[in-house]
2 protein chains.
Amino acid sequence: MKIAVDVMGTDYGPAEIIKGVLEAVDEYGCEVVLVGDQNIIREALVREHQENNPKVSIHHASQVIEMKEHPGISIRKKRDASIVVATQLLHAKECDALVSSGSTGAAVAAALFGLGRIKGIERPAIATVIPSITGATVLLDSGAKVDTKPEQLVQSAIMGSIYAELQLGIDNPRVGLLNIGEEETKGNEQTLATYPLLKQAKHINFIGNVEGRDINKGTVDVVVCDGFTGNVVLKTMEGLGLAIVDIFKATILSSGLLAKLGALLMKPALEKMKQKMDASEYGGALLLGVRAPFIICHGSSKAKAIKNAVRVAMELTEKDVVGRIRDVILYEESGESDE
Amino acid sequence: MKIAVDVMGTDYGPAEIIKGVLEAVDEYGCEVVLVGDQNIIREALVREHQENNPKVSIHHASQVIEMKEHPGISIRKKRDASIVVATQLLHAKECDALVSSGSTGAAVAAALFGLGRIKGIERPAIATVIPSITGATVLLDSGAKVDTKPEQLVQSAIMGSIYAELQLGIDNPRVGLLNIGEEETKGNEQTLATYPLLKQAKHINFIGNVEGRDINKGTVDVVVCDGFTGNVVLKTMEGLGLAIVDIFKATILSSGLLAKLGALLMKPALEKMKQKMDASEYGGALLLGVRAPFIICHGSSKAKAIKNAVRVAMELTEKDVVGRIRDVILYEESGESDE
């Protein structure tokens, strides 16, 4: 098993990404190919005393796509950008899966352009795993495509369901449509048109509309929405989480000695809780609907998130999530059932 | 000052609503008219020993609109429903403002049908005050209208800005468009079309796109979005907040004695924090764009939230937020400036 990792264009720099990759190699025993500026990569490997690790190879790419660049234009102009080159390796089957951590837009564009879509999938979707009270919920699309047609949301539902089943081990995952009320008659034009299509769709266990408050509740396994809504939901959660931590710290600081002592005593428990709710434990988001396993990490990912992303890339490959999506979409389209 | 309160159709029943209203009368000295089943109301007043309070009157309404009923149909069929009757009192100027706490959809429909829109406002919007790290942020629309045109979002921006200025005392409030990236070129069809209109709009301090993570950060005062997105955002925050509390409790329960002691010592500080983040402190949401002050409380509001809603209704009336919106929209439409 060989995983390509684009190490360029991230907030914390290539060294942080490489650190996470090396931890994954050490722990999971996979081979990796690091894609990016060979001098920077070599330097980082030397610093970690891993320049002779037979499981780690370097594939040079002379260009980088920065966060602010226009995805579609930059991937066409910068043909030697690390994400473009890494995608070519995946397309040429020189590796089994890809982990990217730079610009999400550029990664999606590179995947569409360099790998192509699975037959029958009109638009790929980014699936993100969100911690819930009882375990985890898959939210998709979290930003691959902002304006989505009802048929594309059904395709997302199928892909998300397969992912939840194969990767998270959830049997017959409950699929919900993110909406503003539970009743079938509630919603905007898009959700009203999507509901009956989801109801008819084979291969998914559609439980109806769900609301924002259900995402973390553990009562739904796959939450389907367009990429605009999904992106806003994820970033709202991120912002609220940070605000709560900030307000918690300020409250303790402005409280008396007893509260401060209390906080100290609770520290190990709070750390455990933080870990449970830490998105980086789940190893990035998946671009579902393209022809090979493609993981997209947050631009601000640290080593731990990258290590987990490599693990997820391996699991996706082993479980052949891409092949399963291809098969199911084919059956769904042909009107046949494989059950 | 006289405030009408629809006391029917809520989760906790009329007695809980009436309790909050009586606290407001006691604390703020306003007059109130309680609208709903007169027997139920009288009974509740007797229980609170307030049946002879000269500031409290009863206006009988024989019907109730339940949460599950279709808003548009029910307000036309049930002409003696408490929310319909209360809106009539407001329209006839028998009171200055209205506080509702039943079905949000029915309240919006009753307001549109019974009060009408301010001239120039195509669609009213529900404005909700959300706690932030530094104070509070106004989010609108949080559910009055799910499919919105760009021009309607500009009207929401103007109304939200006036509300933040007059009610929350924020000078020259920063207005942001909720989007999936900061750049002007990011977004879905709706936000891309809205951005240039907001940039041109007079009377608002438009600071550009904001993301979900900015809502609680204190870097924007008014966040503008369509009613679908706003509703999903609010309920996502609600759900995440509850999940964090749940996970926190479970973590403490499964931890050792020291952590439990720590939690005990921190309890007063945590209570203070809970209060700071408690939405009910802000007294419900406002339906902006209709011809009189109209407050919409969550169906699960308790006495404290109702008390605060009555206070907000009084402030809205005193500061003539409705009159100010009418004037500004008129100027904005005529292309003139009042500055």
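What you are looking at is a predicted structure, and each value in this text was computed from that prediction instead of being measured.

Cut-offs used in this document
Residues numbered from 1 in each chain as written. Chains lettered and ligands numbered in written order. Predicted model: local features only at pLDDT ≥ 70, side-chain atom pairs only at ≥ 80, totals over all residues. Heavy atoms only, no water. 1 Å grid on protein atoms, 1.4 Å probe; cavity = no way out; pocket = protein on both sides within 12 Å on 5 of 7 lines; lining within 4 Å. Points joined across faces, edges and corners; volume = space filled by probe spheres on them. Helix = DSSP H or I, 4+ residues; strand = E, 2+ residues; numbered from the N terminus. Nonpolar A, V, L, I, M, F, W, Y, C, P; charged D, E, K, R; others polar. Expected span 1.5 Å × (residues − 1). Polar contact = N/O pair within 3.5 Å; in protein donor to acceptor, adjacent residues only side chain to side chain. Buried < 20%, exposed > 50% of the residue type's maximum accessible area, 1.4 Å probe, protein only. Contact = heavy atoms within 4.5 Å. Pairing = 2+ DSSP bridges. Least-squares fit on C-alpha atoms with pLDDT ≥ 70 in both. Axes fitted to C-alpha atoms, helices over the stretch in contact; angles between N-to-C directions. Arc of directions from axis to C-beta. Salt bridge = Lys/Arg side-chain N within 4 Å of Asp/Glu carboxyl O. Parallel < 35°, antiparallel > 145°, perpendicular 65-115°, else oblique. Left-handed = near helix turned anticlockwise from the far one by under 90°. Phe/Tyr/Trp six-rings, centres within 6.5 Å; stacked < 30°, edge-to-face > 60°. Lys NZ or Arg CZ within 6 Å of the ring centre and 35° of its normal.

Asks: Tell me about the layout of surface pockets, and please be specific about residues and values.
Replies: By volume, the second largest pocket is sized at about 480 Å³. Asp147(A), Asn188(A), Gln190(A), Asp147(B) and Asn188(B) are the residues nearest the centre of the second largest pocket, which is lined by 20 residues in total. Elements represented by at least two residues in the lining of the second largest pocket include exactly α7 (189-200) and α8 (227-253) of chain A together with α7 (189-200) and α8 (227-253) of chain B. With three residues, the top contributor of residues to the lining of the second largest pocket is α7(A). Classifying every residue of the lining of the second largest pocket gives six nonpolar, eight polar and six charged.

Asks: How would you summarise α8(B) if you had to cite specific residues and measurements?
Replies: Taking 1.5 Å per residue as the helical rise, α8(B) with its 27 residues ought to reach 39 Å, and the 39 Å between its terminal C-alpha atoms agrees with that figure. Its side-chain oxygen 2.9 Å from the backbone nitrogen of Phe228(B), Asp226(B) forms the N-cap of α8(B).

Asks: Tell me about the environment of Gly262(A), residues and numbers included.
Replies: The residue Gly262(A) is located in helix α9 (residues 257-277) in this model. What makes Gly262(A) buried here is its relative accessible area of 0%. On a C-alpha basis, the gap between Gly262(A) and Gln155(A) in space is 49 Å, while along the polypeptide they are 107 residues apart. Beyond its immediate sequence surroundings of up to four residues, Gly262(A) is in contact with Gly262(B), Leu265(B) and Met266(B).

Asks: Outline the pairing of strand β5 (residues 125-131) of chain B, supporting the account with residue identities and numerical values.
Replies: Residues and elements named next belong to chain B. Among the seven residues in β5, seven count as buried, and that is most of the element. Of the two faces of β5, the one lined by Ala125, Ala127, Val129 and Pro131 and the one lined by Ile126, Thr128 and Ile130 are each fully buried. Sheet topology places β5 next to strand β10 (residues 285-288); three bridges connect them, and they run antiparallel. Bridge pairing in β10 places Ala127 opposite Leu286. Hairpin connection from β5 to strand β6 (residues 136-140): four residues lie between these consecutive antiparallel strands.

Asks: A description of the relation of the copies chain B and chain A should follow, citing residues and the corresponding values.
Replies: Superposition record for chain B on chain A: RMSD 0.0 Å, screw rotation 180°, translation along axis 0.0 Å. In symmetry terms, the pair is related by a two-fold rotation axis. Nearest to the rotation axis, the C-alpha of Gly262(B) is located 1.8 Å from it, this being the minimum over chain B. Interface overlap between copies: 100% of the residues of chain B at the interface are likewise at the interface in chain A, consistent with a symmetric, same-surface contact.

Asks: Residue-level account of the pairing of β6(B), with values.
Replies: Residue and element names in this part refer to chain B. Summarising burial for β6: five of the five residues are buried, a large majority. Side chains Ala136, Val138 and Leu140 of β6 all project onto a buried face; the interleaved residues Thr137 and Leu139 project onto the opposite face, where all are buried too. Here β6 runs beside strand β9 (residues 222-224); their pairing, made up of three bridges, is parallel. Bridge assignment links Leu140 to a residue of β9, and that residue is Val224.

Asks: Report on the sheet that holds strand β10 (residues 285-288) of chain A, specifying residues and quantitative values.
Replies: Residue and element names in this part refer to chain A. With respect to topology, 11 strands assemble into an open sheet ordered β3-β2-β1-β4-β11-β10-β5-β6-β9-β7-β8, the strand pairing being mixed. Each having just a single partner strand, β3 (56-60) and β8 (205-210) make up the two edges of the open sheet. Along the sheet, successive strands turn relative to each other by an average axial angle of 25°, direction set aside. In the sheet, strand β5 (residues 125-131) pairs with strand β6 (residues 136-140) via five bridges, with the strands oriented antiparallel. Residue pairing for β6: Thr128 is matched across the bridge by Leu139. Against the sheet, helix α2 (residues 38-47) touches β2 (31-36) and β3, its axis set at about 160° to β3.

Asks: Which residues make up helix α2 (residues 38-47) of chain B, and what values go with them?
Replies: Residues and elements named next belong to chain B. Taken together, the buried positions of α2 are occupied by Ile41, Ala44 and Leu45. Down the axis, α2 shows its buried residues gathered within 100° of arc, on one side only. What points out from α2, more than 90 degrees from its buried face, is the exposed set Glu43 and Arg47. At its buried positions, α2 is contacted by α1 (14-28), β2 (31-36) and β3 (56-60). By the N-cap criterion, in which a side-chain oxygen at the helix start approaches the backbone nitrogen of a residue two or three places on, α2 is capped by Asp37, the distance to Asn39 being 2.9 Å. Looking one or two places after α2, you find His49, whose phi comes out positive at around 55°.

Asks: Which residues make up the interface of chain B and chain A, and what values go with them?
Replies: On the chain A side, the residues contacting the 53 residues of chain B number 53 residues. At the boundary of chain B with chain A, the tally comes to six salt bridges. The partner of Lys235(B) in a salt bridge is Glu211(A), with the nearest N and O atoms 2.3 Å apart. For the interface between chain B and chain A, the tally reads 12 residue pairs in polar contact (both at pLDDT 80 or more). Take the side of chain B that touches chain A: its biggest share by element is 19 residues, from α8(B). For the side of chain B that touches chain A, the residue count by class is 25 nonpolar, 17 polar and 11 charged.

Asks: Please give an account of the packing of helix α6 (residues 150-166) of chain B against α7(B) that cites residues and values.
Replies: All names here are of chain B. Contact geometry of α6 with α7 gives a least axis separation of 9 Å together with a crossing angle of 50°. Looking at the two axes, α6 sits oblique to α7. Where α6 crosses over α7, the handedness of that crossing is right-handed. Contacts from Pro150, Glu151, Leu153, Val154 and Ala157 in α6 reach Gln190, Ala193, Thr194, Leu197 and Leu198 in α7. Here the residues of the contact of α6 with α7 sort into seven nonpolar, two polar and one charged.

Asks: Please provide a residue-by-residue account of the packing of aromatic side chains, values included.
Replies: All names here are of chain A. Counted by the stated rule, this structure contains two aromatic pairs over all chains. Residues Tyr195 and Phe206 carry aromatic rings whose centres are separated by 5.2 Å and whose planes lie at 75° to one another, so their mutual orientation is edge-to-face. On the criterion of sequence distance, the pair formed by Tyr195 in helix α7 and Phe206 in strand β8 is long-range, its members being 11 residues apart. For the pair Tyr195 and Phe206, one class covers both residues: buried. The ring of Tyr12 carries Lys302 above its face, with NZ or CZ at 4.7 Å from the centroid.

Asks: An account of the packing of α8(A) against α8(B) is needed here, citing residue identities and associated values.
Replies: Direction vectors running N to C along α8(A) and α8(B) enclose 40°, while the axes themselves pass 9 Å from each other. Classified by the angle between their axes, α8(A) and α8(B) sit oblique to one another. Here α8(A) and α8(B) pass one another in a crossing that is right-handed. Along the contact surface, α8(A) presents Phe228(A), Thr229(A), Val232(A), Val233(A), Thr236(A), Met237(A), Leu240(A), Gly241(A) and Ile244(A), while α8(B) presents Phe228(B), Thr229(B), Val232(B), Val233(B), Thr236(B), Met237(B), Leu240(B), Gly241(B) and Ile244(B). For the contact of α8(A) with α8(B), the class distribution of residues is 12 nonpolar, six polar and no charged.

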